[in-house]
Amino acid sequence: MGLLAAGIGAGIISIGAGIGIGMIGKSATESIARQPEASGDIRGAMILTAALIEGVALFGAIICIILALQGA
Amino acid sequence: MVQILRRVFLTLLFLSVSTSTTFSMSGEETQEQGSPIDIMGTVSDHNSFELPFYNIPLPRLFFLKDADGNASFEGFWSTESAVKSGLFVEEHHVLETTQGAQIIIDFSITSHLIYFWIGMILAVWITMNMARRYKKGVGRNVEPKGAFQNIFEVLFVFIRDDIARDNIDSHKSDRYVPYLFTVFMGITFMNLFGLLPWAATATADITVTAVLAVITFFITQFSGTKDYWGHVFWFPGVPILVKLIMLPVEIVGLFTKPFALAIRLFANMMSGKIMIIAILGLVFIFAEMYGSFTGYTIGALFSVPMTAILYFLKAFVALLQAYIFTLLSAVFIGMAAEDHHAEEEGYYVNHVE
């Protein structure tokens, strides 16, 4: 049961993080296309925001690992 | 001549890498859990320092409380000698005490600790050597000499200008450059050592990343200005009810930042390792299920090319995560050390209303 929960949880986490980082990438590439001279600043902000989203996703991933280890 | 030597050296390196990987993989086939490979066992901390064909046992240090309640400190050169002394029995690679004694703290030196030391000492040693060179004037009065110093200068200027000065107030930022640079170099070395198959990734251990995050946490708090603490305890410019709601949120926020910092680095390094082991492990799983020929075919066609690609990804992630850890540390410190102008801010808020 724990294994199943961990698997489903990991899937949902991936969906959430994928949507979030995808939206960041979309707006970043759009703004770089609109204003190529600001690409350095945009890239920095992009990595920072992506890292913050990743942090939230990793919290979920850790919970899943704990669940999987207990279920196994 | 140099070309030939370099080629021979690279071939030898490649051979030692591949043979030691196969050794360690096939050695795990004989464990009793049912699965042909033990992923968590490979990722976890060990009490020996592994070299391509040799394991150096590491000292075990314990703070013990025996049956009568007397505390004592016991040290052994290796796990074996600890078992020989009669105080411990080994069960599933974990030492259990005998004679009713209790382990209070396990101070044993482990492979992750060794790699943590190696990473940090390398970072400090390189930086001090380079500092001596700059003191002599090389790089200041004349151009930097050699590829090594050039790489060093690029990295250092990157950390100083793009990470510290961009995120921390300009008149304070240079104070934090030594810490940020040490952390960056240390994490980079630890991550890159993890790319060697026999070595351990120190940053794939939550305790190592937690220590680094705690240091960042303390630096952040000690560099906090009055404004920063004001924002934490009594959020300015909002009604009193909102202030009371914001108080616990802000206090929890103090601790989630370093926590996320630790978890991020740990999980990224850990997941890279697990992925590579799992994909290589397919060879052994298929070999056990459908015979060794299928296993080798899967290995040649899928596992090895996939692992090679993942390996480059891991090398990139190693640098990226060191950069992100440093960047976020700088951002957190910058947020705490920023000189807000409360009056200006309040004026602005009133004005908008």
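What counts and how
The written sequence of each chain sets the order in which its residues are numbered from 1. Each chain takes a letter, starting from A, and each ligand takes a number, starting from 1, following the order in which they are written. Local features in a predicted model are, by the rule used here, given only for residues with pLDDT of at least 70; side-chain atom pairs are given and counted only at 80 or more, and totals for whole chains, interfaces and linings are based on all residues. To qualify as a helix, a DSSP run of H or I must reach at least 4 residues; to qualify as a strand, a run of E must reach at least 2; elements of each kind are numbered from the N terminus. A radius of gyration in this sense is built from C-alpha atoms; the matching globule rule multiplies 2.2 Å by the number of residues raised to 0.38. Residues with at least 20 other C-beta atoms within 10 Å of their own are called buried, those with 12 or fewer are called exposed, and the rest are partly exposed. The C-beta atoms themselves are positioned from the backbone. Contact definition: two residues whose C-beta atoms, as placed from backbone geometry, lie within 7 Å. Residues are grouped as follows: Ala, Val, Leu, Ile, Met, Phe, Trp, Tyr, Cys and Pro are nonpolar; Asp, Glu, Lys and Arg are charged; every other residue, Gly included, is polar. Remark: nonpolar core denotes a set of buried Ala, Val, Leu, Ile, Met, Phe, Trp, Tyr and Cys residues whose joining runs through C-beta atoms within 7 Å. Note on pairing: DSSP must find at least two bridges between two strands before they are called paired. A fitted line through C-alpha atoms represents every axis, and for helices the fit uses only the stretch in contact; the resulting angles, taken between N-to-C directions, go from 0 to 180 degrees. For classification purposes, an angle smaller than 35 degrees is called roughly parallel, one larger than 145 roughly antiparallel, one from 65 to 115 roughly perpendicular, and anything else oblique. Per-residue confidence from the predictor is reported as pLDDT, a score between 0 and 100. A helix's residues, less one, multiplied by 1.5 Å, set its expected span.

### Considering the overall build of chain A
Within chain A, the secondary structure is distributed over 2 helices and 0 strands. Taken over the C-alpha trace, chain A has a radius of gyration of 16 Å; the compact-globule value for 72 residues is 11 Å, which it surpasses by more than 25%. Seen through its C-alpha atoms, chain A measures out along the principal axes to roughly 50 × 15 × 10 Å. Of all 72 residues assigned to chain A, the portion counted as buried reaches 12%. For chain A, the share of sequence-separated contacts (at least 6 apart) that also reach a separation of at least 24 residues comes to 84%.

### Structural notes on the interface of chain B and chain A
Every contact between the two is made by 8 residues of chain B and, on the other side, 9 residues of chain A. Counting residues per element, the ones that place at least two in the side of chain B that touches chain A are α10 (240–290) and α11 (292–337) of chain B. Within the side of chain B that touches chain A, the residues separate by chemical class into 7 nonpolar, no polar and 1 charged.

### Some thoughts on the nonpolar core
Grouped together as the largest cluster of nonpolar side chains are 51 residues, with contacts concentrated most on L180, F184, F266, F325 and A330 of chain B. Put simply, the parts of the chain that give this core at least two residues each are α2 (39–71) of chain A together with α4 (111–136), α5 (146–167), α7 (177–193), α8 (206–222), α10 and α11 of chain B. When residues of this core are assigned to their parent elements, the largest contribution, 11 residues, is made by α11 of chain B. Setting aside residues up to four positions removed in sequence, L180 of chain B forms contacts with I159, I163, A164, T326, S329 and A330 of chain B.

### Some thoughts on the environment of N268 of chain B
Residues and elements named next belong to chain B. Within the secondary structure layout, N268 lies in helix α10. Placed 120 residues apart in sequence, N268 and F148 show a C-alpha to C-alpha distance of 28 Å. If near-sequence neighbours (up to four positions away) are discounted, N268 is found in contact with V317 and Q321.

### Some details on the sheet that holds strand β7 (residues 102–106) of chain B
All names here are of chain B. Spatial strand order, β4-β3-β7: 3 strands in an open sheet with antiparallel pairing. Two strands lie at the open edges of the sheet, namely β4 (71–76) and β7, each paired on one side alone. When the angles between neighbouring strand axes are averaged without regard to direction, this sheet yields 35 degrees. Relative to β4, strand β3 (residues 60–65) runs antiparallel, the two being bridged by 6 bridges. For R60, the partnering residue across the bridge sits in β4 and is F76.

### Here's the deal with the packing of helix α9 (residues 226–233) of chain B against α10 of chain B
The relative placement of two packed helices comes down to the angle between their axes together with the axis-to-axis distance. Residues and elements named next belong to chain B. Where α9 meets α10, the closest approach of the two axes is 7 Å, and the angle between their N-to-C directions is 125 degrees. Classed by the angle they form, the pair α9 and α10 counts as oblique. When α9 is examined against α10, the residues H231, V232 and F233 are found in contact with a partner set consisting of L247, E250, I251 and L254. In terms of residue class, the contact of α9 with α10 is built from 5 nonpolar, 1 polar and 1 charged.

### Topic: the confidence of the model for chain B
All names here are of chain B. Mean pLDDT for chain B: 80, with 84% of residues reaching 70 or above. Taken as a whole, residues 17–33 scores under 50 in pLDDT and shows 14 contacts with residues more than four places along the chain or in a different chain. Across residues 346–353, confidence stays below pLDDT 50; counting only partners more than four residues off in sequence or on other chains, it has 3 contacts.

### Structural notes on α7 of chain B
All names here are of chain B. Here α7 contains 17 residues, and its C-alpha end-to-end distance of 24 Å stays within 8% of the 24 Å for a straight helix at 1.5 Å per residue. The element α7 is largely enclosed, with a buried count of 12 among its 17 residues. Along α7, the residues classified as buried are L180, F181, V183, F184, M185, G186, I187, T188, F189, M190, N191 and F193. Looking at the packing, one finds that the buried side of α7 touches α4, α5, α8, α10 and α11.

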